[in-house]
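Overview (structure and organization)
Here are the chains, one letter per residue:
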Amino acid sequence: MIQRFCNHYGDDTCSSCVVAGDYIFLAHHGGGQEVNDLAYQTRATLVAVADTLAKAGASLSDVVQLTYYIRSTEDFRKGADVFREFFGTDAPARMTVVTEFVGKNCLCQIDGIAYKPATKAE
């Protein structure tokens, strides 16, 4: 079974996540773009990811892989350190990519995959 969740930013051409069996595929998430600070935006983005996962019946502890997109390599450590606040020492696999964004205030975005086995009826 495949279940698509409405997006969170007004673009009906992209779901915020798609649940396919036990996997949750997260589309690009962002947040906090009202503040020009990568750590702030990373926190807001991870909160947005957590909110989407909750709607799909999962949490950040179910995340197995994330791709972290940032605008500047100079900010890498500042943003990467925020992941420890959310994941502690149980961090998912992560890839960081430096890129430009359509939104001029956007400093980061995150997408990823979570694994949440369906509960079996007894």
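Structure first, text after, so check above.
These lines cover the structure that appears in this document, whether it is placed above or below. Just so it is clear, the model here is predicted, and its values are computed rather than measured.

Quick look at the pattern of salt bridges
Taken as a whole and assessed by the stated rule, the structure comprises 5 salt bridges. In this structure, Lys78 engages Asp37 in a salt bridge whose closest nitrogen and oxygen atoms are separated by 3.6 Å. Taken together, the residues span a long stretch of sequence, with Lys78 in helix α2 (residues 76-87) and Asp37 in the loop between β3 (23-29) and α1 (38-55) at a distance of 41 residues. Using a relative accessible area of 25% as the deciding quantity, one classes Asp37 as partly exposed. Here Asp62 makes a salt bridge to Lys116, at a shortest N to O gap of 4.0 Å. Pair noted here: Asp62 is in the loop between α1 and β4 (63-70) and Lys116 is in the segment after β6 (108-115), with a separation of 54 residues, a long-range link. Using a relative accessible area of 14% as the deciding quantity, one classes Asp62 as buried. Shared partners join several salt bridges into a network, and the residues in it are Arg77, Asp81 and Arg84.

Section: α2
The terminal C-alpha atoms of α2 lie 17 Å apart, and with 12 residues this matches the ideal 16 Å at 1.5 Å per residue to within 8%. Summarising the contacts, the buried residues of α2 are in contact with α1, β4, β5 (93-98) and β6. One or two residues past the end of α2 sits Gly88, with phi positive at roughly 60 degrees.

Examining the pairing of β5
Looking at chain direction, β4 and β5 are connected through 6 bridges and run parallel. Counted as the bridge partner of Ile70 is Val98 from β5. In the classification by handedness, the crossover that spans β4, the intervening α2 and the parallel β5 is right-handed.

Calculation rules
- Residues numbered from 1 in each chain as written.
- Predicted model: local features only at pLDDT ≥ 70, side-chain atom pairs only at ≥ 80, totals over all residues.
- Heavy atoms only, no water.
- Salt bridge = Lys/Arg side-chain N within 4 Å of Asp/Glu carboxyl O.
- Helix = DSSP H or I, 4+ residues; strand = E, 2+ residues; numbered from the N terminus.
- Buried < 20%, exposed > 50% of the residue type's maximum accessible area, 1.4 Å probe, protein only.
- Expected span 1.5 Å × (residues − 1).
- Contact = heavy atoms within 4.5 Å.
- Pairing = 2+ DSSP bridges.
- Right-handed = clockwise from strand over helix to strand, strands pointing away.

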